[in-house]
Amino acid sequence: MHHWRRDAVELAALFTAVAVADVVANLVGHGPDGPLTLAVSAAALLATAAFHVWWSRRHGHAPPTSDTGARPPSSERQAGPSAPTDGVTGTSTLWRVRTTVRDAPGALASLCAALAAHEVDILSLQTHPLGTETVDEFLLRAPGALSSADLTRAVSRAGGSDTWIERADAHDLVDAPTRVLGLATRTALDAAELPLALRQLLGRCTIRSLPARTHGGADQVPAEGVLEETVLRLRAPEGGVITVERPYLPFTPTEFARARALVELDTRLGSRVPRSQDVLTLPEGRDITVRRADPSDLEAAKAMQERCSSHTLSMRYHGPAGDADRYLNHLLSPRFGRTLAVQTASGRIVGLGHLLWDGDETEVALLVEDQWQRRGIGGELLGRLVAMAAEAGCASVYAVTQASNTGMIAAMRGLGLPLDYQVEEGTLVITARLDTSLVATGAPTTDTPQP
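Within every chain, residues take consecutive numbers counted from 1 along the sequence as written. Two thresholds apply to this predicted model, a pLDDT of at least 70 for residue-level local features and 80 or more for giving and counting side-chain atom pairs, whereas whole-chain, interface and lining totals are computed over all residues. Note that water and hydrogens are dropped before the side-chain values are worked out from all heavy atoms of the structure.

This paragraph deals with the confidence of the model for the protein chain. What pLDDT reports is the predictor's confidence in each residue, on a scale of 0 through 100. Across the protein chain, the average pLDDT comes to 77, with 74% of residues at 70 or higher. The contact criterion used throughout is that any non-hydrogen atoms of two residues lie within 4.5 Å. Counted against residues more than four places away or in other chains, residues 59–89, with its pLDDT under 50, gives 18 contacts.

Here it is, written out as structure tokens:
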């Protein structure tokens, strides 16, 4: 329909040519001026042919006049360049890949070309120089049909070795400088954040703090720290040693320098604990204050333990009541976790809740003075500690108690989280698997009885 004009012109030209040819043939065969007529006819035919060629080249592939300059509908525009990453399923996968390549011109280019051949998009790249080699760390968006084995083979063929790969998520899209600055800010605000910041900086790893007096303490670790393949040792601000282990992936000098910078920042800022506090009203009508505790609360915490019965202390520490005081320095130190204190209107501490970093696990522990038990204080503390653990990214928390401690068992059940129980020689370990969608930002107030 759009090309009827061109067809009509071509058909008219054809009939005209046939008619002219017939006239010329009659004139040449029967007229006195045959040769002249033949020459004129040839010129006319050449002119007609030239006009036809010009017309075809100009209009033969042009769009219809009504569409010239028109913009395609919005649906057509979207269906063009915005095709999904994976043309088959329309899905993509984020991967973190670390590999070692030669530190030579073109080595990185070959690796990038190999990834591009598999339609892999490089979202970010970090390089860790190692002398004659370089460790390249990529954040990739790959087609959903491309497996980790496919990626590993592609990297290996491009010259990569010692390749490590794992799935990534949206949190990894933050670039490295922004992430490090965020971790430094968290560490500056709260000394208890240092182990968590190191774990987020270095990935899945085990972090332990050792006092200086233990074997292999600070006297055997230089001030600049030690890097040993999969182990980092750094001088802790209080004089001990912070040990970081990551058996599945060796540390690079760049990661070591970043970790040491965080520890040095913590050392320069000194002891610090957020001073926020909440005033709560117990079911009986009395007000209590819940706040963060630190080593300055040591004497008040000792006084509270002296008011506790031997039964309460043995339930908490699983040993002789006289040994209770020697744990307080460790429990109140922000280096090993977070502690919440419950105090009355007069300022007397009547309860302590501890969230302790235990390597790559997290422990919760409670102690409430005898005459303040069964008023909901234990449940309040436990709910807040679990919420803090979930906010810190912990996958689970566990409590070590005794099988006869029905109050602690009831408090753990009151969290509404999936629980695992393990009993060994009268000691009960209850592990709660955390889900941030189930744990509120503020702790629930419950009337759970607490021993």
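As used here, the term nonpolar core means buried Ala, Val, Leu, Ile, Met, Phe, Trp, Tyr and Cys residues forming a set that is joined through side-chain atoms within 4.5 Å. When accessible area is computed with a 1.4 Å probe and restricted to protein chains, residues below 20% of their type maximum are described as buried, those above 50% as exposed, and intermediate ones as partly exposed. The biggest cluster of nonpolar side chains holds 37 residues, and the ones touching the most others in it are Leu355, Ile377, Leu382, Val397, Met412 and Leu434. Only DSSP runs of H or I with at least four residues qualify as helices, and only runs of E with at least two residues qualify as strands; both kinds are numbered from the N terminus onward. Looking at this core, the elements that each hand over two or more residues are strand E10 (287–292), strand E11 (337–343), strand E12 (349–358), strand E13 (361–368), helix H12 (377–391), strand E14 (396–402), helix H13 (406–413) and strand E16 (427–433). Looking at this core element by element, the count peaks at 8 residues for H12. With residues up to four places along the chain from it excluded, the contact list for Leu382 reads Val364, Leu366, Ala411, Met412 and Leu415.

Taken in spatial order, the 4 strands of this open sheet run E5-E8-E7-E6, and their pairing is antiparallel. Looking at strand neighbours, the two that pair on one side only are strand E5 (206–210) and strand E6 (226–228), the edges of this open sheet. For this sheet, the mean inter-axis angle between neighbouring strands, taken without regard to orientation, is 15°. Two strands pair if DSSP finds at least two bridges between them. Here 3 bridges tie E6 to strand E7 (residues 231–235), and the two strands are oriented antiparallel to one another. When the sheet's bridge partners are listed, Val226 is paired in E7 with Arg233. Note on definitions: angles span 0 to 180 degrees between N-to-C directions of axes, and those axes are lines fitted to C-alpha atoms, for helices only across the stretch in contact. Packing against the sheet, helix H8 (residues 253–269) makes contact with E6, E7 and strand E8 (241–245), and its axis sits at approximately 30° to E7.

A few words now on unusual backbone geometry. Positive phi outside glycine occurs at Glu119, with the angle close to 60°. As for its placement among the helices and strands, Glu119 is situated in the loop between helix H4 (107–117) and strand E2 (121–130).

Below, the discussion takes up the sheet that holds E2. Reading across from one edge, E2-E3-E1-E4 is the order of the 4 strands in this open sheet, with antiparallel pairing throughout. The strands lining the two open edges of the sheet, one partner per strand, are E2 and strand E4 (161–167). When the angles between neighbouring strand axes are averaged without regard to direction, this sheet yields 15°. Sheet topology note: the strand E1 (residues 92–102)/strand E3 (residues 133–143) ladder contains 11 bridges and is antiparallel. Note that in E3 the partner of Thr99 across the bridge is Asp136. Contacting E1, E2 and E3, H4 crosses the sheet at an angle of about 15° to E3. Of the strands in this sheet, E1 and E2 are in contact with H8, which crosses E2 at around 90°.

In this section: the environment of Leu183. Residue position: Leu183 is located in helix H6 (residues 176–189). Sequence separation of Leu183 and Leu262 is 79 residues, and the distance between their C-alpha atoms is 8.3 Å. Here Leu183 is in contact with Ala197, Gln200, Leu201 and Leu262, once residues within four sequence places are set aside.

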